[in-house]
Structure formats: structure tokens, C-alpha cells
Amino acid sequence: MIRNVIFDMGNVLLYYEPKPYLAAKVPDEADAAILYDACFGGPEWKQLDAGALTEEEALASMQSHVPERLRGELARVYRDWPDCMRPVPGMEPLVQAVQKAGAHCFVLSNASVRFPELVARFSILRRIDDRFVSAFYRLLKPSREIYERFLSEYGLKAEECVFLDDLQENVDGAAACGIRARRFTTVPDAAAFLSESLGVNLS
């Protein structure tokens, strides 16, 4: 019996759109491309999600990769990056329907220690019952260790969980640990998958 529904955050609960965010912030396309590569496209971003760098260390490293004239702009882009996220329409009602059906809802996300800023900003993250964020455990999806630590942290049985993630590698990582998992594509598809898993109509 499925008792727990696990959601990834980026491009499942919230759209993650750094390129449109930068296009709005930085009119010059060439500069926007430099800043994207330095902030979102470099190794520091993943290291932040892994809890391997402090915010200050990450910014200093990012700034070392851009011309001096862009370092102030990079600092502003980095400071305001939560602006690149917005709710996926229809997902908050789906989470609410899952909870009304009696299932416990979790977030399992590769994210930095700034995750609480997103919780404060977006009601869908506050609606979720529990949140497991990679940086606080120094583990990253799709490693087996993060799924095992997640299950252990909450005393869950893999066979009682389902998982939605937009990246197939993360879906495969969860499935390898015995969690029923599906790649997120659309809200209707997610609703159909969860309806089947829970044995209720969530439409």
C-alpha cells in the first residue's frame, strides 16, 4: 500500500528557469551567457547542492570566472536567483488532493542551504509535510546513499513510497532502491500516476 508521495522540487513543483531570469536581468545576450555559465552552469552550483561550498566560497569562485566588469552583476544575479523559480500550475491542488487521500507528502530535492528562502516564498513548499534537502545531508541524487538516508530519516518502507522527478537518472536511482518512480512530464500525467498508485481518483 502506498502511504508516501515524494516530489522533486525543480520542474516538478516549481519551474526552474535561469535563462529567462537572466534575459530579464541582463539585456546584453553575450553578458547573460557569461553569467549563466558562471552562476548556473559551473561546478559551484552542484557543489552548493552537495553542501560542499559555503555561499561566500561559491560566489568568490564564480566571480573568478568572469571579467571584472561583470562581477557586481554576477553578485546580484546570485543574490536574487530565487526569482528564476515559479509554481508549476496545478501542482499545489494535486498535492492537496494527495494529502486529502491520506498520503504523506515529501520533497526530496537537490538544493542549497538557501532552500528555506523558497519555502518562505512559495506556498506549495509550505504545504508539503516534510522536506529533505541535499545540502543539509551532503548527498546528491541520484546516488543510492541519498535515497537510503531519506528512507531512514523518516522510517519509511521503499515499497510504500512513490516518487516523481523530472530527470530520468533520479527516477532510476529511486527505482533501484525499491521506490516506485516515474519521470514527471505534465500535471495530468502525474495525477494519473498518483491516482493509480494510491487507488483513488485525484483528477
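Residues numbered from 1 in each chain as written. Predicted model: local features only at pLDDT ≥ 70, side-chain atom pairs only at ≥ 80, totals over all residues. Heavy atoms only, no water.

Glancing now at the overall build of the chain. The secondary structure content of the chain amounts to twelve helices and seven strands. Judged by the C-alpha coordinates and their principal axes, the chain covers about 55 × 30 × 25 Å. A total of 203 residues make up the chain; the buried ones form 49% of that total. Here the chain contributes 23 positively and 30 negatively charged side chains, and the mean placements of these two sets differ by 4 Å. (Helix = DSSP H or I, 4+ residues; strand = E, 2+ residues; numbered from the N terminus. Buried < 20%, exposed > 50% of the residue type's maximum accessible area, 1.4 Å probe, protein only. Lys, Arg positive; Asp, Glu negative; His and termini not counted. Charge placed at Lys NZ, Arg CZ, Asp CG, Glu CD.)

Counting 56 residues, the largest nonpolar core has Phe7, Met91, Leu125 and Leu194 as the members making the most contacts within it. Tallying contributions element by element places helix 12 (residues 187–198) first for this core, with six residues. In terms of nonpolar packing, the next biggest core, distinct from the first, is built from 16 residues, Tyr147, Leu151, Phe163 and Ile179 among them. (Core = buried A, V, L, I, M, F, W, Y, C linked by side-chain atoms within 4.5 Å.)

What follows covers the sheet that holds strand 7 (residues 180–183). By definition, the strands of a sheet pair up through backbone hydrogen bonds, in either a parallel or an antiparallel sense. Here five strands make up an open sheet; going across it, the order is 5-4-1-6-7 and the pairing parallel. Each of the sheet's edge strands pairs with one partner strand only, and the pair in question is strand 5 (130–133) and strand 7. Strand-to-strand, the axes of this sheet are offset by a mean angle of 20°, without reference to chain direction. Bridge count for strand 6 (residues 161–165) against strand 7 is four bridges, and the pairing is parallel. Pairing of Asp165 across the sheet is with Arg183, part of strand 7. Helix 11 (residues 168–176) rests against strand 6 and strand 7 of the sheet, and its axis sits at about 175° to strand 7. (Pairing = 2+ DSSP bridges. Axes fitted to C-alpha atoms, helices over the stretch in contact; angles between N-to-C directions. Contact = heavy atoms within 4.5 Å.)

As a further point, take helix 2 (residues 29–39). Taken as a whole, helix 2 has its buried residues at Asp31, Ala32, Leu35, Ala38 and Cys39. Down the axis of helix 2, the sector holding all buried residues measures 130°, keeping them to one side. Seen from the buried face of helix 2, the exposed residues on the opposite side, beyond 90 degrees, are Glu29 and Asp37. In this structure, the buried side of helix 2 is in contact with helix 1 (18–25), helix 3 (43–49), helix 4 (55–63) and helix 5 (71–79). (Arc of directions from axis to C-beta.)

With that settled, consider the pattern of salt bridges. As enumerated under the stated definition, the model contains 15 salt bridges in all. The partner of Glu73 in a salt bridge is Arg76, with the nearest N and O atoms 3.1 Å apart. Here Glu73 pairs with Arg76, and both are found in helix 5, just three residues apart, close to one helical turn. Between Arg114 and Glu117 there is a salt bridge whose closest N-O contact spans 2.8 Å. Residue classification places Glu117 among the partly exposed residues on the basis of a relative accessible area of 37%. (Salt bridge = Lys/Arg side-chain N within 4 Å of Asp/Glu carboxyl O.)

In this section: empty space enclosed by the protein. Once rolled over the atoms, a probe with the size of a water molecule shows which space is left empty. The final tally for this structure, using the stated rule, is one cavity of 30 Å³ or more. Roughly 40 Å³ of volume is contained in the largest cavity. As for the largest cavity, its lining consists of Trp45, Leu48, Asp49, Glu55, Tyr78, Trp81 and Ser112. The leading source of residues in the lining of the largest cavity is helix 3, at three residues. Tallied by class, residues from the lining of the largest cavity come to four nonpolar, one polar and two charged. (1 Å grid on protein atoms, 1.4 Å probe; cavity = no way out; pocket = protein on both sides within 12 Å on 5 of 7 lines; lining within 4 Å. Points joined across faces, edges and corners; volume = space filled by probe spheres on them. Nonpolar A, V, L, I, M, F, W, Y, C, P; charged D, E, K, R; others polar.)

The computed volume of the largest pocket comes to approximately 620 Å³. In this structure, the largest pocket is lined by 26 residues; those nearest its centre are Tyr16, Trp45, Asp49, Asn110 and Leu167. Going through the elements one at a time, helix 3 and helix 11 are the ones with two or more residues in the lining of the largest pocket. Among the residues making up the lining of the largest pocket, the classes are represented as 13 nonpolar, six polar and seven charged.

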